[in-house]
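# Chain and residue survey
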Amino acid sequence: MRRKDSSPCTYQLYPGMDGRWTLRLFGRLDIDTTPETLHSVTADILKSKPVSLQVDLSGVTYMDDYGTLLINELRHSPALRDARFEIENASADAAETLKRLGPEHATRPLPAPGRKSMNIVAELGDATIGAMIGLKFFVAFIGSVFLSTLSVIKKPNTLRFDDTIGHMKTTGVDAVPVVALISFLLGMIMAFMSSLQLTQFGANIYVASLVAVAMVSELGPIMTAIVVAGRSGSAYAAEISTMKISEEIDALSVMRFDPVLFLVIPRIIAAMVVIPLLTIFSSFFAIAGGMFIGVTMLDLTTSSYFQQTINTLKLFEVFWGLSKSLVFAVIIASVGCLRGVQAKGGPAAVGNAATSAVVTCIFLIILFDSLFAVMRSYW
Amino acid sequence: MIENTPVDVGHLTVRYGDELILDDLSFSVKKGEIFVILGGSGSGKSTLLRHMLGLERPESGRIIIGDTDIAECSEKEYAAALKKIGVLFQSSALLGSMTIAENVALPIIEHTALPARAVAEMVRMKLALVGLGDYEHYLPSEISGGMKKRAGLARALALNPEILFLDEPSAGLDPITAEEIDDLIIDINRRTDTTMIIVTHELASIFAVARRVIMLDKTSKKIIAEGTPRDLKDSSPNPLVRRFFRRYDRTEQKTESNTT
């Protein structure tokens, strides 16, 4: 006989003749005692693999569904798979609980957790249909943005002007510090790295040209767009998807507001105004960063650095950079809003929308940037 | 703890800034009782509930849950007191990213040492108890409001709490589903002897489930009535209370005349 004390529930396990075992339980079988009792009884039984088990409940003073769980788990434990199993001396209460929840009700095996599984063909089909639905939604969204834009041009007073100004502040003004810092450091890095090569030829002064051209026509728009995509593209997606899942967008539609006109157009217009401005800031701070390196490390004077920058930059570069940033602005705002409107389901949808907005924005920004590069080589 | 009063609130006063929300409330709940806290919008029902759950601390007074005064206990004692309670929130508060079964399993996995198979079995028992046996693998967003309440109830009952708090359990449900939830509450109370504290303003469900009611008042911020639902309806000296219950009478008469 083995006996374990796990107060206030104890048990005695009697190994009988020919592997016929008896388990006597005493005390309370509830949430506090069941796990421990289950562990140790299972361990004891597993070692000996009895042919039959008699469970004697005469000493049990209280038994709830956790107690029943103990009985069920014993009944279905692998060690007792083919064994005979009997319960005796259950009190009226315990018998009632066992009748309701006992081993006969515990069907095995448990259904596999997780969603329905499909074969590869069905999954491919499912994914294709999903992609087509997404594409259709995308085209419809672009169309309704276009129509709303036309209606705003026709009737400018339909634009929600206050909202637009608010978005300009959060997307533009609030982004100035981070854009300025990143650009300043980027200008410093570029100046420093290029100087390592250029000083070998005594061409220090061309550091200024390099920083200016690279920032104004290429890196300024890209860096600004990526920072804004991370800050505001994700924010648009999160805001709009939250409204979507809490039925606010449905409410707007029912009140005969055009959700696109109400939510999307102000954001697109705000982005189109402030992102080019941020790009100008970005180039400016990068040139300042380059100048800082030029003056402190490369023996250039402020005026010569400045003069060289002015001489190198053509107006075309500036416009090129700005027109790129305008395109990026449209991408960021519309992708952010699109991902928001597409959101479906619970709170996780908000996170997914924000993540997917940033990823899609950055991908499209790089894609369009390379298109611009191709265009320029044929200009 | 006084053996048969698992919940005891004494001289509870709550203020937000200068605004008085609850003024000197005292009541206690007997073991196994279904106790209803009643009141109109803005009467402080939700505030009282938040304090009884220890989510906020009052300005003064005691809130004894089990044998702990959660109005002024340490974090550790509070955690121990939380073991005794289960809560069904008004919105059900199921985690949207998890299936119904995972939601119910969450507290069982966290707070017991049961093996995974036994946890799954327990989850099934709890879901069967609330009549949601076939919905284990559904997400909360895929089931109806009434089912969410049931799932929330299964999760609240997962650890066999001594005291169950229910915030507006039948609000926002159609009369039949609301009645089903009420029956479920009565059934669970009868089977498990769980003390239940229900915050609601649904008169029909008060008459169905409540053994004892207290009513909070919006203007005085005090308890203006205490007793069985019948007592309050028939013989309360307070006109506000009678007015509150008269509305139920009207709807009852209407349905009666409709059916006859």
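Throughout this document, residue positions are counted from 1 along each chain, in the order its sequence is written. Chain letters and ligand numbers both follow the written order, the letters beginning at A and the numbers at 1. Confidence filtering applies because this is a predicted model: local features only for residues at pLDDT of at least 70, side-chain atom pairs given and counted only at 80 or more, and all residues used for totals across whole chains, interfaces and linings. Note that the side-chain values use all heavy atoms of the structure and ignore hydrogens as well as water.

### Some details on the interface of chain A and chain B
In what follows, residue pairs with any heavy atoms lying within 4.5 Å of each other are defined as contacts. Facing 28 residues of chain A, the contacting portion of chain B comprises 25 residues. Buried area: the accessible area, evaluated with a 1.4 Å probe, that two parts lose upon being put together, summed over both parts. Around 2,100 Å² of area is buried between chain A and chain B when both sides are counted, 57% of it from carbon and sulfur atoms. Salt bridge, as used here, is a side-chain nitrogen of Lys or Arg placed within 4 Å of a carboxyl oxygen of Asp or Glu. Inspection of the region where chain A meets chain B yields two salt bridges. With a shortest N-O distance of 2.4 Å, K126 of chain B and D65 of chain A are connected by a salt bridge. Side-chain atoms alone can form a polar contact between residues adjacent in sequence; in general such a contact is a pair of N or O atoms within 3.5 Å, and within protein one must be able to donate a hydrogen while the other accepts it. At the surface where chain A touches chain B, the tally comes to seven residue pairs in polar contact (both at pLDDT 80 or more). Tallying contributions element by element places helix α2 (residues 65-75) of chain A first for the side of chain A that touches chain B, with six residues. The secondary structure listing takes helices from DSSP runs of H or I that are at least 4 residues long and strands from runs of E that are at least 2 residues long, numbered from the N terminus.

### Regarding the pairing of strand β1 (residues 7-16) of chain B
Residue and element names in this part refer to chain B. Between buried and exposed lies partly exposed: a residue is buried under 20% and exposed over 50% of the maximum accessible area for its type, with that area taken using a 1.4 Å probe on protein chains only. Among the ten residues in β1, seven count as buried, and that is most of the element. Any two strands with at least two DSSP-identified bridges between them are counted as paired. Alignment of β1 against strand β2 (residues 19-29), held across seven bridges, turns out to be antiparallel. Across the sheet, residue R15 finds its bridge partner in β2, namely L20. Between the antiparallel neighbours β1 and β2 lie two residues, among them G17 with a positive phi of about 65°.

### Things to note about empty space enclosed by the protein
Buried and open spaces are told apart on a 1 Å grid over the protein atoms alone, a cavity being a set of points where a 1.4 Å probe fits but cannot get out and a pocket being an open set with protein on both sides within 12 Å along at least five of seven lines. Residues with an atom within 4 Å of a point are the lining residues. Grid points are joined across faces, edges and corners, and a volume is the space filled by probe spheres set on the points. Taken as a whole and judged by the stated rule, the model has one cavity of 30 Å³ or more. By volume, the largest cavity is sized at about 40 Å³. Residues are sorted three ways: Asp, Glu, Lys and Arg are charged, Ala, Val, Leu, Ile, Met, Phe, Trp, Tyr, Cys and Pro are nonpolar, and all the rest, Gly among them, are polar. Of the residues in the lining of the largest cavity, the class split is eight nonpolar, one polar and no charged.

### Regarding the nonpolar core
We call a set of buried residues a nonpolar core when its members are Ala, Val, Leu, Ile, Met, Phe, Trp, Tyr or Cys and they connect through side-chain atoms within 4.5 Å of each other. Counting residues in each nonpolar core, the largest one holds 78 residues, and the members touching the most others are L23, L25 and L53 of chain A together with L153 and F245 of chain B. If one sorts the elements of this core by residue count, helix α4 (residues 116-129) of chain B sits on top with seven residues. Apart from the residues lying within four places of it in its own chain, the contact partners of F245 of chain B are L38, L203, F207, M215, P229, L232 and K233 of chain B.

### Some points on the packing of aromatic side chains
Residues and elements named next belong to chain A. Planes of paired rings set the category: under 30 degrees apart is stacked, over 60 is edge-to-face and the rest tilted, where pairs are Phe, Tyr or Trp rings (Trp by its six-membered ring) whose centres lie within 6.5 Å. As enumerated under the stated definition, the model contains eight aromatic pairs over all chains in all. Ring geometry for F281 versus F285: centroids 6.4 Å apart, planes at 20°, classification stacked. Note that F281 and F285 are positioned in helix α9 (residues 259-297) at a spacing of four residues, about one turn of the helix. Residue F281 is classed as partly exposed on the basis of its relative accessible area of 38%. Looking at F285, the relative accessible area reads 24%, which means it is partly exposed. With a centroid separation of 5.6 Å and 90° between ring planes, the pair formed by W320 and F372 is classed as edge-to-face. With a gap of 52 residues between them, W320 in helix α11 (residues 315-342) and F372 in helix α12 (residues 348-377) connect regions that are remote in the sequence. The same class applies to W320 as to F372, namely buried. Counting every residue linked through ring pairs, the aromatic cluster contains F281, F284 and F285. The ring of Y62 carries the charged tip of R28 above its face, separated from the ring centre by 4.3 Å. In this scheme, the term charge over a ring applies when either NZ of a lysine or CZ of an arginine sits within 6 Å of the ring centre and within 35 degrees of the ring normal.

### Here's the deal with a nonpolar patch on the surface
All names here are of chain A. Together, L181, L185, I189, F192, M193, L196 and M297 line one region of the surface with nonpolar side chains, adding up to about 660 Å² of accessible area. If you tally residues by element for the nonpolar patch, the top one is helix α6 (residues 176-198), at six residues. Relative to the assigned elements, M297 resides in helix α9. Overall, M297 belongs to the partly exposed group, its relative accessible area being 46%. Patch criteria: residues need more than 30% relative accessible area and no salt bridge. Like-charged residues are merged within 9 Å; nonpolar side chains of Val, Leu, Ile, Met, Phe, Trp and Tyr are merged within 5 Å. Here the open area of atoms and residues is found with the Shrake-Rupley method and a 1.4 Å probe, where only the protein chains shown may cover a residue.

### Considering the sheet that holds strand β10 (residues 223-227) of chain B
Residues and elements named next belong to chain B. Strand order in the open sheet made by the six strands is β6-β7-β8-β3-β9-β10, with mixed pairing throughout. Each of the sheet's edge strands pairs with one partner strand only, and the pair in question is β6 (85-88) and β10. Between one strand axis and the next, the sheet turns through 15° on average, direction left out of account. Where strand β3 (residues 34-39) lies against strand β9 (residues 212-216), five bridges are found, and the strand directions are parallel. Among the inter-strand pairings, F35 is bridged to a residue of β9, identified as R212. Geometry is summarised by axes, namely lines fitted to C-alpha atoms with helices restricted to the contacting stretch, and by angles between N-to-C directions that run from 0 to 180 degrees. Sitting on the sheet, helix α1 (residues 45-52) touches β3, β7 (163-167), β8 (195-200) and β9, and the angle it makes with β3 is about 140°.

### Looking at the pairing of β10 of chain B
All names here are of chain B. Bridge analysis of β9 against β10 gives four bridges, and the strand direction is antiparallel. Residue pairing across strands places M215 opposite A225, the latter belonging to β10. The loop that links β9 with its antiparallel partner β10 comprises six residues; one of these, K221, has a positive phi angle of about 60°.

### A closer look at unusual backbone geometry
Although it is not a glycine, D299 of chain A adopts a positive phi angle of roughly 60°. Of note, the phi angle at E168 of chain B is positive, near 50°, even though the residue is not glycine. Relative to the assigned elements, E168 of chain B resides in the loop between β7 and α6 (175-192). You can call E168 of chain B buried: its relative accessible area is 6%.

### Remarks on the sheet that holds β2 of chain B
Residues and elements named next belong to chain B. The four strands lie next to each other as β2-β1-β4-β5, forming an open sheet whose pairing is antiparallel. This sheet does not close on itself; its edge strands, each paired only once, are β2 and β5 (68-69). Note that strand β4 (residues 60-65) and β5 share two bridges and pair antiparallel. Paired with I65 across the strands is T68, a residue of β5. Across the face of the sheet, α1 comes into contact with β1, β2 and β4 while running at roughly 120° to β1.

### Observations concerning the domain arrangement of chain A
For the domains described, the bounds stem from an automatic or database domain assignment. Examined at the domain level, chain A breaks down into domain 1 (2-105) and domain 2 (128-377). With centres defined by C-alpha atoms, the gap from domain 1 of chain A to domain 2 of chain A works out at 67 Å.

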